Structures are given as structure tokens and as C-alpha cells.
Amino acid sequence: CGNFPMDTRQVNDALDKLFQEERIVFWNDPDKEFLAYMDEQLFSPIEGVKVLRLDQTGALAAKLLIERKEANGRFLIYAPEEEPDYENDWLLDIRLYSRSFRADRASILLEELGLTTQHLREHLAQRRKFFDNKERLQKLKSLVSPEDTADDLDRKMLAVVVKADQPELFNILRTLFHLYAELEDLDLREPVQAWEQIVKFDLEEPFWRQVKKSFGYFEEIASLENLLIRLLVTDFAQHLRGELPASLEQLILPPAGRANAVVCLAQWRDSASTGGSYDRLSEYVADVVNLSDHLHPFDIDDLMDVQTFLDVEKEIARNLKARVMATADTINLDEVREIATRRQAGHWALSMASGSSSVPRKELHAVYEALVAAAEFFDLRNSHRHGFEFDDAPAMYKAYGNELYRFDQLYRHFCEFADRSQNWNVVKDLRDEIEASYSNWYIPTLGLAWGKFVESGLLNKWNIPGVPNEYEFYRQHVHTRLQESENRKAYVIISDAFRYEAAQELAQELNGKYRFQASLSSQLSVVPSYTALGMASLLPHETLGYDKKGNVLLDGKPCASSEQRNDILSTVEGMVVRADDLLSMKKEEGRDLVAGKKVVYIYHDEIDSRGEKASTEGDTFDAVRKAIDELADLVRFVVDSLNGNYVVITADHGFLFSDTAPTEPHKSRLEDKPDGTVIAKKRFLLGHNLPDVDEAYHGHTKVTARAEGEMEFWVPKSANRFHFAGGARFIHGGTMLQEITVPVITVRHIKGKTKNETATRRVGVQVLGVNHRITTPKHRFQLLQSEPVSERVKEVTLKVAIYEGSEPVTNIEKVTFDSTSDNMEERTKPVMLVLQDRHYDKKSDYRLVLRDAETDIEQSRVDLIIDRAFSDDF
């Protein structure tokens, strides 16, 4: 309808009703509100009624037409002006025996909007500029309720102007601020288009009036910048456990508005659509108030509840790093975990949170992971501060498989997470300390303790009771499986250099998958622990030996290439396939490939291929992470696509790796290769008639690999190298526990009724207490994690808030439940919620809602009563 905003149906209906009784109707429109209605001929013609416009037809001509030419005709006489005075009204006599029609635009709007309160007519008239656009009217119409007050209408008009999702002040504010944050050059003193429209439509004064009512903010010359500063500083002050710096005190909102500031900002941070603008604007405010200068006096406990500024997050992370370093020898692991977990569930370090891409959320999350890994490393070190003392080799080997492998795993985890946070290098000095502890204490101390057993006879028999040797693999894990019945099939995945600590992590992950059951054990690697010998030992064979060049032979046949291994496996109805090739296949291709085979060996090479090269050995831990992921994918493919029921994952050997390059003391001082050398590598030497030397262990492959012939070897003691060619940080070949503890993961596909026992689920959380009644502006709830987190019971991060209908009436808190404790008290967490300062009806339905922070799916709810007899200061 052009620029005319309203539904003209009411006007047409009213005129039609008049002309049922009258021949002539006068319509004066002094405000020209309906000029467009007449110009664009929106008047629906009534049969026999003509329109005379006095702004286009003279009064005399009109008089002649009405009383002479068409004396019986019906006329609508429209004039876009006030009725003339009697003495100046040429049509007074006609007007006196006719009817007048006044289309009151405010009245029509009142009816159009479905409002029942007549005193709002004048209020609508004052907002006439807003209604000059039909689109705005239609949007407002969808929001209005019959019982709305003038303030309600103003708030909903503001929502239409700024295009807010909901006509609530908090939503309007964050939507308006979001528009500023989208500007390339952020400046809250320069109005955006929406603010200009607020001013144009006479909504500026209502806006500030509602802001004052909700937040207590008032200035003679109010500004959005000052409002935002006070909102954020107030939120900071309300969550700060220490005393606010004096220079910021004047920026706090009055007591009556503080609860609403807390709730408003918490909801803004949680908003999927505008969370990013919070990030940018909070940084803007932090710069304006020089926040970083004010944070240094505060410790972690003071800042723990603050989510207002990114600078606070960085300060907490720095302080936690300093605490970990300062208390390394007496580390309180639970305290570090609690701090890290709470902060990781917050706005700035929750990797899944909505927000600006400029905020390093994943890096901050990784920083906390690195700090927890460091704390766990120090805690483990402190429990072995006197070194590693065991009665015999079997006891120490068992201890490595049960606990000591954690040193290597935690070191890898720390390095992984430190690498992810390297663009924000807060953990650099901690990294140096972890490196020193791992490389200069753990590795040499472990090597010395284990070396005593190696030297005192272990190398001469190379056998540990209860631990199978690597060359027994096929018989123990494949042949035995095939013997169970005629139709048995075995899949073997061999990942080059996949060491025990990584296998423990993979087994844990597989046990968290539906219908998978994984068990981890180990086997004693061959020595030297290098690829050619280890890979050969895993294949079916009667004899293992060497040719003159040091190539490994199985039953007299070479076995280094895929084709050669395939020939060997064909004797047991088996085959070879590369992991990459298998994963690239579709289900039917894979099934066709393995059809008719009883044994399938899948070769995977990610760790060794990168670690062995000097140019890529620094990526070793990235390769381990990728290997874990790819091996899990391989198992899923075998089970889901190839119908495999039995999968064994193993390796040829493990490895040693340090994040920093070894120094000269790590080099065994052997100037020349001895006579009889066949193969010389940085971690082992093969040959004949080798002499005994102080710098190396001297052994025989007929003992360590059950090899035919008289091939002998040297391996450096502890973690030393013979030389550094081809990289020196990644090594294997020797007798260190990391190298010779070869993992064996047996994965079974569970079917039938027992498969339900393998189902995974998020841990349950319940609210303690009954008949919850809230009578104060802040209320603390106690949430209980129903059971410990385990392989099949996963941690969960929940968003917690009180709702009325679909809208929160409190701040929204995120809490992570990840406790592995059997103690219920240790699985209980408090959550403090702050009520929005507004009227509450104790008969209304309110509920505490717990939602999954990742999916936003409601997990549980508890009905409660809010009984606030009076409002008190927050």
C-alpha cells in the first residue's frame, strides 16, 4: 500500500456503514494522514458513491454537482485540511444536513494492533513517525499483546527498530551493541543506523527510561559507551572476590541494577547469534578502563568467578602456570584440575563456545590441558622422587605397563597442548621445566634402573615370565583364534612404532565405542628393536634368520616388502593391505578384497615414517595423535564394513622421543665401527664377532629374536645414540622400556544381549534437595554427578539457569562434570544463580533447567518457586 502503513479495511468498512444511511459524507483530514489513501485510490468504491476531493475540485463546482447535476447522487467529500469556519465554508448548508467522518489514525492503529486500552491512542499518536512504514507496523503487530502498556509498546518498537529476536530489553541491548561490533572501525560514540532511527522515531527517551529502570544507569547526557562500560565493570565487580580498585568504583551501577547487569551479560555471552560481539566489545571496554593494569594484585581465587573479560582469563592462566611451577615439588593436583576444569567450561576457554574467531579459545583450552598434564607429571614424579627401585625385571616391566608409562604419555600430552597454544606462549618456561624433568631425570633414571636388569642377565635370556615374546605373536593371537572354529577370521593391524602409552589411550577410546570391547596387554619386543626385525617377528614363520647383507629372512624367504609379506601370509590363507588403501575403499570394495581370506594383515605407518626423517621428526607427537585417530577409524571400518569380529592391533617396536635435541652426553663415544659390522644405525649395530665394550650392551639375536645364525648386536646403554645422522630426537632399536614394551590391543565385536553393556552415555547430573523455594536475589544449587566418569560414562558440560517459559530469568552458568571419584562429595558442585531484578509471581511456573552445552538439549529440569516478597539490593 505504498507508504501507508495500516490495513485500510477498517476505513472502507466504516465508510460503507455510513453510506448505508447517508447520501453525502464529509471527510476532513488536517494531518494529511490519509492523503496516500486517496492518492493511490485505496478506497474501495461503494456502489453509487463518487469521491469529490476539495483539493482538486472547487467548492462552487462541487456544490453545483451535488445539488443540481446529480441531486440524488451519493458523494464522499474529502479535504486534506481542517473544516473551514462557518463564514468561510461554501458548503456549510450541505455539511449541516450531511454526516462527517473523522478517521482517527491513532484509533485505527489501536484496533489494528489489537490493543484494548483507549488511553494509548495519544501514545500512538506521539509515535506517528514509527508507523510511516507498513513493514514496521506488521512486525510490531506480531509482538503486541492486548494488555500492553505504553512502556511495553515502546520496548517492542525498539525491538523492531534494532531487529531483536525478542522484545526484551536485554535482547534489545545486545542486538544494538552487536550492530556496533560489526563495524570495521568500532566506535560507540558514532551512531549506527538503528540508533539514528531510535532518535528519529522519538524512542530515545523511552530507551533511556527503560535502561534506568532495569540497570539504574542515569546521566544528564547518557551514552551507549558509558552504559556498556558500567555494565561490564559492574559484572566484573560482582564476581570479583577481592576489593575493586578505587579507580573503577565510580563505574559501578547502583545496587538496584547490579543483578540485572550480571544476568544480561551472562545471557549475552551465551547467545549463539551475538556472543561474538560480546568478545569484541568487552575488549573495547577493557582497553578504555586499562583493565590489565588493575589485574596484577589479584590471585586466582579472587578472579575465579569472573567471566567478564578475556584479560582475566589470560591472567588466571598465567597465574595457574606460575602456581604449577612454584609448587611442582608439592603439587596439589586436584586443585589444578578444579581450576582448569572450571575455566575451560567458561566463556573464554570453552572450545565449543560461540564467539569471535579472534579470541584464542582453543589455545586457551589447550593451555589449561597443558597445565593439568604438567601437574599430573609432577605429581607422578613426586611419588617416585627417590627413583625407581624394583626387585627384579618382571616387577619393573609390570610397573611400566601399569603406571610408569604415564610419564611418557603425560610428556606427550603436555607437548601436544603446548604446541597448540604456542601462538600465545604462556607455557614456554614451564615447557623448559617439563623438558628438563623428563629428559634429565625420568629418562636417565628409568634407563639406569632398567639397565641394571638388562646387564645382570636379562639380555642373555630375554624372557619375562608371563609376558610373551614378540616372535610368538602369530601363534598366540592369530593361530589360536583360527583354531576356535572353521569359519574364524582374524584382522591384524600393525602400526609402525606405535608405543604402549599411545596404545593405552587408543584402547580407552575404543572401549568408549558401542559394541567394542578392547583389552590391552603387551609383548616383549625383539632386540634390536627396529622395524625389519620386529615386522618379521609378527608374521607366521618357523625360522627367522639373516642373509649376508643383514636382511631378515623368514623360512629362508625375504619379508621386507608388501609383496613378500603377502606371499608368506598366503600360506595361511592370508593377505596384506595398506591401511591407507583400505580406508579409501567403499564397503563393497573392502568386502570383495578380503573375501575368502582368513588372515588379513593391515600395515599402518604414520609415526615411524615421520619420526625417522630429520625434517619431520619434530612432528612425532602430531603423528602419534593422527595414528590414534586413524587406528580407531581402521577398527571401525573392519567391524562395521568388513563384518570383522576380532581385530588385533600391535606394533613392531616403540620409540623414544624428546622435544629438544639431545646434547653430546647422550652420544656413546664409539669412534669407529668394529670389524664384522653389517648394519650400523644411530641406536643399534648388527654384525659378527663383535667385542664387548663399556658403551653398549652386547647381545645375540638368537636369544632376543630366536634368529638362526650368529648375528650379534650392540645397542647403546640407556637412551644414548651411536651417532646423530638422520635425526636424533626420535630413536628406537635399544632396550629401553619405551622401545621394547610392544602393545597388543585385542578388540572384539560384541553382539547379542551383552552389546548393551558396551553402550556409552553422558554422565547423569541431578539437583540435590526438594521443594526449592528462592527468596533471595542469589541462590546456590548443589548439583551431583550421579556416578564416576569412565570409559563408557562420558563427562558432560551443562548450561544451568532458571527459566520462565522459554526465557532465562537468571545468569547462565556452564559447569563441567568429569570426576572419576567414587566419593559422592567429590562429585558435587555448587552453582550460584542470580535472579533478574523484576517482579516474580510465586504462583507462576519457574524451573531450573540443565542443558547440554554442546547440543543445547535439555537434560533435566526441576520445578521451583520464586517468592520475593520485596526487592533488595544485590
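Residues numbered from 1 in each chain as written. Predicted model: local features only at pLDDT ≥ 70, side-chain atom pairs only at ≥ 80, totals over all residues. Heavy atoms only, no water.

For the protein chain, the count of helices and strands is 31 helices and 30 strands. Its C-alpha atoms give the protein chain a radius of gyration of 40 Å, clearly above 29 Å, the size a compact globule of 874 residues would have. The buried share of the protein chain, reckoned over its 874 residues, is 54%. Relative to all contacts within the protein chain whose residues are 6 or more apart in sequence, the contacts with residues 24 or more apart total 71%. Just so you have it, the protein chain exposes about 38,900 Å², and 45% of that area is on carbon and sulfur atoms. Charge separation in the protein chain, taken as the distance between the mean sites of 110 positive and 146 negative side-chain charges, equals 4 Å. (Helix = DSSP H or I, 4+ residues; strand = E, 2+ residues; numbered from the N terminus. Rg over C-alpha atoms; globule rule 2.2 N^0.38 Å. Buried < 20%, exposed > 50% of the residue type's maximum accessible area, 1.4 Å probe, protein only. Contact = heavy atoms within 4.5 Å. Areas by Shrake-Rupley, 256 points an atom, 1.4 Å probe, with all protein chains shown as cover. Lys, Arg positive; Asp, Glu negative; His and termini not counted. Charge placed at Lys NZ, Arg CZ, Asp CG, Glu CD.)

Turning next to unusual backbone geometry. Put simply, Val527 and Pro528 share a cis peptide bond, and its omega is 0 degrees. Along the chain, Pro528 turns up in the loop between β6 (516-524) and α24 (531-538). Of note, the phi angle at Asn290 is positive, near 55 degrees, even though the residue is not glycine. Summarising the element assignment, Asn290 is placed in the loop between α14 (275-288) and α15 (291-295). The exposure class assigned to Asn290 is partly exposed, which follows from its relative accessible area of 43%. Located in the positive-phi region is Glu573, a residue other than glycine, with phi close to 60 degrees. Summarising the element assignment, Glu573 is placed in the loop between α25 (562-570) and β10 (574-578).

Moving on: the sheet that holds strand β5 (residues 490-495). Overall, mixed pairing links the six strands, which are arranged β6-β19-β12-β5-β11-β10 in an open sheet. Looking at which strands have only one partner, the edges of the open sheet turn out to be β6 and β10. The average undirected angle you get between the axes of adjacent strands in this sheet is 20 degrees. Relative to strand β11 (residues 599-604), β5 is paired through six bridges, and the arrangement is parallel. By the bridge assignment, Ile493 is partnered in β11 with Ile602. (Pairing = 2+ DSSP bridges. Axes fitted to C-alpha atoms, helices over the stretch in contact; angles between N-to-C directions.)

The next thing to look at is the sheet that holds strand β3 (residues 74-79). Here four strands make up an open sheet; going across it, the order is β2-β3-β1-β4 and the pairing parallel. Unpaired on one side and paired on the other, β2 (49-53) and β4 (99-101) mark the two borders of the sheet. For this sheet, the mean inter-axis angle between neighbouring strands, taken without regard to orientation, is 25 degrees. Across five bridges, the pairing between strand β1 (residues 24-28) and β3 is parallel. Looking across to β3, one finds that Ile24 is bridged to Phe75. Against the sheet, helix α1 (residues 9-19) touches β1, β2, β3 and β4, its axis set at about 175 degrees to β4.

Taken as a whole and assessed by the stated rule, the structure comprises 33 aromatic pairs. Considering the side-chain rings of Trp27 and Phe34, the 5.5 Å spacing of their centres and the 55 degrees angle between planes classify their relative orientation as tilted. For Trp27, a relative accessible area of 0% gives the class buried. The ring centre of Phe218 lies 4.7 Å from the NZ or CZ of Lys212, which sits over that ring. Between Arg565 and the ring centre of Tyr603, over which it is positioned, the NZ or CZ distance is 4.7 Å. (Phe/Tyr/Trp six-rings, centres within 6.5 Å; stacked < 30°, edge-to-face > 60°. Lys NZ or Arg CZ within 6 Å of the ring centre and 35° of its normal.)

In this section: the pairing of β3. The buried count for β3 comes to five of six residues, which makes it a mostly enclosed element. Of the pairings in the sheet, the one linking β2 to β3 comprises five bridges and is parallel in character. Across the sheet, Val51 pairs through a bridge with Leu76, a residue of β3.

Below, the discussion takes up the side chain of Ser658. Within the secondary structure layout, Ser658 lies in the loop between β13 (656-657) and β14 (677-680). In terms of polar contacts, Ser658 uses its side chain to reach the backbone carbonyl oxygen of Thr660, at 2.7 Å. Apart from residues no more than four positions distant in its own chain, Ser658 is found in contact with Tyr411, Glu435, Ser439, Arg721 and Arg729. (Polar contact = N/O pair within 3.5 Å; in protein donor to acceptor, adjacent residues only side chain to side chain.)

Position of Thr704 relative to the elements: it lies in helix α30 (residues 701-704). Since its relative accessible area comes to 0%, Thr704 is described here as buried. If near-sequence neighbours (up to four positions away) are discounted, Thr704 is found in contact with Leu459, Trp462, Tyr471, Ser525, Val526, Val527 and Phe713.

Time to look at helix α19 (residues 361-382). Along its 22 residues, α19 runs 32 Å from first to last C-alpha, staying within 8% of the 32 Å computed at 1.5 Å per residue. Along α19, 18 of the 22 residues are buried, which leaves the element largely enclosed by surrounding structure. (Expected span 1.5 Å × (residues − 1).)

So, on to the layout of surface pockets. Of the voids in this model, the largest pocket is the one considered here, and its volume is about 2,200 Å³. What lines the largest pocket is a set of 48 residues, and nearest its centre among them are Glu369, Gln508, Val789, Glu795 and Asp818. For the lining of the largest pocket, the elements supplying multiple residues, two or more each, are α18 (333-344), α19, α20 (393-420), α23 (500-510), β24 (793-794), β25 (796-804) and β28 (828-834). Classifying every residue of the lining of the largest pocket gives 12 nonpolar, 15 polar and 21 charged. What the second largest pocket holds in volume is close to 810 Å³. Along the walls of the second largest pocket sit 33 residues, with His239, Asp305, Arg342, Glu813 and Met832 positioned nearest its centre. Mapped onto the lining of the second largest pocket, the elements with two or more residues apiece are α12 (224-239), α13 (255-270), α18, β23 (778-785), β27 (813-817) and β28. The dominant element in the lining of the second largest pocket, judged by the number of residues it contributes, is β28, at five residues. Classifying every residue of the lining of the second largest pocket gives 12 nonpolar, nine polar and 12 charged. (1 Å grid on protein atoms, 1.4 Å probe; cavity = no way out; pocket = protein on both sides within 12 Å on 5 of 7 lines; lining within 4 Å. Points joined across faces, edges and corners; volume = space filled by probe spheres on them. Nonpolar A, V, L, I, M, F, W, Y, C, P; charged D, E, K, R; others polar.)

Let us now look at helix α10 (residues 193-200). The α-helix advances 3.6 residues per turn, and as a result positions three or four apart in sequence lie on the same side. Taken together, the buried positions of α10 are occupied by Ala194, Trp195 and Ile198. Taken around the axis of α10, the buried residues stretch over an arc of 100 degrees, which confines them to a single face. Away from its buried face by more than 90 degrees, α10 exposes Gln193 and Lys200. Elements that come into contact with the buried residues of α10 comprise α8 (150-162), α9 (169-181), α11 (204-215) and α12. Immediately downstream of α10, the backbone of Asp202 shows phi near 60 degrees, a positive value. (Arc of directions from axis to C-beta.)

The next subject is the packing of α8 against α9. Remark: α8 packs on α9, axes separated minimally by 10 Å, with the N-to-C direction vectors making an angle of 25 degrees. By the angle between their directions, the pair α8 and α9 is classed as roughly parallel. Note on packing geometry: the crossing formed by α8 with α9 is left-handed. Within the contact between the two elements, α8 uses Arg155, Leu158, Ala159 and Val162 and α9 uses Leu169, Ile172, Thr175, Leu176 and Leu179. (Parallel < 35°, antiparallel > 145°, perpendicular 65-115°, else oblique. Left-handed = near helix turned anticlockwise from the far one by under 90°.)

Here we take up the nonpolar core. Membership of the largest hydrophobic core comes to 226 residues, with the highest contact counts inside it found for Trp450 and Tyr601. Ranked by residue count, the leading element in this core is α20, at 14 residues. In this view, Trp450 contacts Ala393, Met396, Tyr397, Leu458, Ile464, Thr735, Met736, Leu737 and Ile740; residues no more than four positions away in its chain are not counted. The next biggest cluster of nonpolar side chains, apart from the first, holds 23 residues, and it includes Ile774, Val793, Val796 and Leu833. (Core = buried A, V, L, I, M, F, W, Y, C linked by side-chain atoms within 4.5 Å.)

In the structure shown here, the tally under the stated rule is 62 salt bridges. Salt-bridge contacts for Asp148 lead to Lys156; the nearest nitrogen and oxygen are separated by 2.7 Å. The class for Asp148 is buried, based on a relative accessible area of 6%. A salt bridge links Asp151 to Arg209; its shortest N-O distance comes to 3.0 Å. Of this pair, Asp151 sits in helix α8 while Arg209 sits in helix α11, placing them 58 residues apart in sequence. (Salt bridge = Lys/Arg side-chain N within 4 Å of Asp/Glu carboxyl O.)

Residues Asp31, Glu81, Glu82 and Glu83 make up a contiguous surface patch of negative charge. Within the fold, Glu81 resides in the loop between β3 and α4 (92-96). (Patch = residues over 30% accessible without salt bridge, like charges linked within 9 Å, V, L, I, M, F, W, Y side chains within 5 Å.)

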